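Results of the structural survey
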Amino acid sequence: MEKTKSRKLNISFESDIDLSLDESIENEKSEAKQSQAGGSKGQIWEFIALATIPIVLVFGNSMLVPGLPQMQKELGISKFQSSLIISIFSLAAGLFIPLIGYLSDRFGRKVVIIPALIIYGAAGILAGFGAIWDSYTVIIIARAIQGFAAAGTAPIAMALVGDLYEGGTESKALGLIEASNGAGKVLSPIIGSLLMLIVWYASFFAFPVFCALSLVAVIFLIKERKRSQKQELKQYLGKIKDIFKEKGRWLVTSFFAGSLGLFILFGVLFYLSNILEDKPYHIDGVLKGLILAIPLLGMVITSYTTGSVIKKKGLLIRLLMNIGLLAMTVSLAATLFFLKNIYVFIGLLTISSIGTGLLLPCLNTIITGAVEKSERGMITSLYNSLRFLGVAIGPPLFGWMMDKSDKVVFITVSSLSLITLGCVFFLIKPPRKVG
């Protein structure tokens, strides 16, 4: 009898556990489905909000490029002085990005992005009044302030993506960031040309509108996770130093490759913008903006596609980086034989931009995946700092080389691309799964 009772108790005991496990599993599945459905919708809105940040950043520079010749006439300034309106913005951003990156690691990404967007828009208004007052000095000061604020926008958004997402979703979001950056470059010359039809300085007053839209999106659509315990500066810098000791060889190579990509991109845009207005083309206004958008459109489509495809796959990332740099090297070298054929020339520049579109999302993924979230802001900031400096020196250096000869321009950039290809091929060897 005792054995029988014991068996009944055991059966009853086992049965109760099985029932509770079944119910628990069903509940977890149901909650997961609901969470996935809600998360998917929320993720789309987060993606949209994140995409506005690099677009606003790019508008700050590229929207002014079509109007630089007119600005020279209205303010009575030289070509070099007009190029400084672009370069001072990028230089200020490049210098302040590391500091802003540390602040974002310590206090949070949104805490940095929100005031940065406000200052960015306000400085645009100041630049607009500088143009009304015919004061080149006020415009330069306002552009430096905008550059400082720009340091807290897209570079911090890249770190924020690494905080919010993992795996393939992170790669896709980083591809979207790069594609949005490119989309801003495509749209900005066209929008800048259209705004010039109102008045030549209208672009300055358009900045606050775009900043306000991005600000609203960031505040209401992005939910940042709570940050872990704050690190002391000495401890934080020690970790950064350790990262460069361990991974410095390929990190520095990645930084250089990203900087070169944007140096060539903005330099080529400056070159193309100038030759289109000269003999024998005499193309300006909206048509010039549309032509400038062609190479950039190739970059945008490629960037988004690349970000969607790589999904942290280290071997694929390495392959696409090398293909991208090879495409840049070959197409830029080939332009030497087609400088007088504008159709083939623009086609080759578009191939080079497609190569850039293959390169940059891959670099974004391996750099953000290289470090823990607590140090990610500084690493991505250093990377973006060098990217900004590449943008800053692009137009003035291309202008100086153009004064020498067109061949000097493309011999230089194709040689730099080839050297970078060699460095990336031998020094950047990501693991099978990045991050």
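Let's talk about the layout of surface pockets
Here the largest pocket defines a volume of roughly 370 Å³. Along the wall of the largest pocket there are 20 residues; nearest its centre are Lys79, Asn274, Ile275, Asp278 and Met402. Secondary structure elements with two or more residues in the lining of the largest pocket: helix H3 (79-107), helix H9 (233-277) and helix H13 (373-404). Tallying contributions element by element places H13 first for the lining of the largest pocket, with six residues. The residue inventory of the lining of the largest pocket, partitioned by class, reads 11 nonpolar, three polar and six charged.

Some thoughts on the confidence of the model for the protein chain
Confidence along the protein chain averages 81 in pLDDT terms, with 88% of residues attaining 70 or more. No element of the protein chain has a lower mean pLDDT than helix H1 (residues 2-62), which averages 57, and none a higher one than helix H11 (residues 314-334), which averages 96. pLDDT under 50 marks residues 1-38. Its contacts with residues more than four places away, or in other chains, come to zero contacts.

A few points about the packing of H3 against helix H5 (residues 136-150)
Across the interface, H3 lies against H5 with an axial gap of 7 Å and an inter-helix angle of 30°. It follows that H3 is roughly parallel to H5 by the angle criterion. Considering how the two elements wind past one another, H3 and H5 form a crossing that is right-handed. Together, Gln81, Leu84, Ile85, Ile86, Ile88, Phe89, Ala92, Ala93, Phe96 and Ile100 of H3 and Tyr136, Ile139, Ile140, Arg143, Ala144, Gln146, Gly147, Phe148 and Ala150 of H5 make up the contact between the two elements. Split into classes, the residues belonging to the contact of H3 with H5 amount to 15 nonpolar, three polar and one charged.

Quick notes on the side chain of Glu46
As for its position among the elements, Glu46 is in helix H1. One polar contact links Glu46 to Tyr165, side chain to side chain, over a distance of 2.6 Å. Discounting residues that sit within four places of it in the chain, Glu46 has contacts with Leu164, Tyr165, Leu221, Ile222 and Lys223.

Re the packing of helix H4 (residues 109-132) against helix H6 (residues 154-164)
Across the interface, H4 lies against H6 with an axial gap of 10 Å and an inter-helix angle of 150°. Viewed along their axes, H4 and H6 adopt a mutual orientation that is roughly antiparallel. Two packed elements cross with a definite hand, and for H4 against H6 that hand is left-handed. Counted together, Arg109, Val112 and Ile113 of H4 and Ile156, Ala157, Ala159, Leu160 and Asp163 of H6 form the full contact between these two elements.

Focus on the nonpolar core
Formed by 100 residues in total, the largest nonpolar core has its most connected members in Met321, Phe345, Leu363, Phe398 and Phe410. Not counting residues within four places of it along the chain, the set of residues in contact with Met321 comprises Leu359, Cys362, Leu363, Ile366, Val424 and Ile428.

Topic: the pattern of salt bridges
Under the definition given, this model contains one salt bridge. Asp105 is paired through a salt bridge with Arg109; the nearest N and O atoms lie 2.7 Å apart. A residue is classified by how much of its surface remains accessible, and Arg109, at 0% relative accessible area, is buried.

Thoughts on empty space enclosed by the protein
Within the structure shown, the criterion is met by six cavities of 30 Å³ or more. The space that makes up the largest cavity amounts to roughly 210 Å³. If you go around the largest cavity, you meet 19 residues; those closest to its centre are Leu57, Asn181, Lys185, Leu262 and Phe388. Residues that form the lining of the largest cavity fall into these classes: 11 nonpolar, five polar and three charged.

So, the packing of aromatic side chains
For the structure shown, the criterion picks out 17 aromatic pairs. Between Tyr271 and Phe345, the aromatic rings sit 5.9 Å apart at their centres with planes inclined by 50°, giving tilted as the arrangement. Remark: Phe345 occurs in helix H12 (residues 342-368) and Tyr271 occurs in helix H9; sequence separation between them is 74 residues. Neither residue differs from the other here; Tyr271 and Phe345 are each classed as buried. Each residue in the set Phe129, Trp133, Trp200, Tyr201 and Phe205 is aromatic and connected to the rest through ring pairs, giving one cluster. Between the NZ or CZ atom of Arg318 and the centre of the ring of Phe425, over which it lies, the distance is 5.1 Å.

Thoughts on unusual backbone geometry
Unusually for a residue other than glycine, Asp134 sits at a positive phi of about 55°. Locating Asp134 in the fold gives a position in the loop between H4 and H5. Within the chain, His282 stands out as a residue other than glycine whose phi angle is a positive 50°. Assignment of secondary structure puts His282 in the loop between H9 and helix H10 (285-310). For His282, a relative accessible area of 54% corresponds to the exposed category.

About the criteria used
- Residues numbered from 1 in each chain as written.
- Predicted model: local features only at pLDDT ≥ 70, side-chain atom pairs only at ≥ 80, totals over all residues.
- Heavy atoms only, no water.
- 1 Å grid on protein atoms, 1.4 Å probe; cavity = no way out; pocket = protein on both sides within 12 Å on 5 of 7 lines; lining within 4 Å.
- Points joined across faces, edges and corners; volume = space filled by probe spheres on them.
- Helix = DSSP H or I, 4+ residues; strand = E, 2+ residues; numbered from the N terminus.
- Nonpolar A, V, L, I, M, F, W, Y, C, P; charged D, E, K, R; others polar.
- pLDDT = per-residue confidence, 0-100.
- Contact = heavy atoms within 4.5 Å.
- Axes fitted to C-alpha atoms, helices over the stretch in contact; angles between N-to-C directions.
- Parallel < 35°, antiparallel > 145°, perpendicular 65-115°, else oblique.
- Left-handed = near helix turned anticlockwise from the far one by under 90°.
- Polar contact = N/O pair within 3.5 Å; in protein donor to acceptor, adjacent residues only side chain to side chain.
- Core = buried A, V, L, I, M, F, W, Y, C linked by side-chain atoms within 4.5 Å.
- Buried < 20%, exposed > 50% of the residue type's maximum accessible area, 1.4 Å probe, protein only.
- Salt bridge = Lys/Arg side-chain N within 4 Å of Asp/Glu carboxyl O.
- Phe/Tyr/Trp six-rings, centres within 6.5 Å; stacked < 30°, edge-to-face > 60°.
- Lys NZ or Arg CZ within 6 Å of the ring centre and 35° of its normal.

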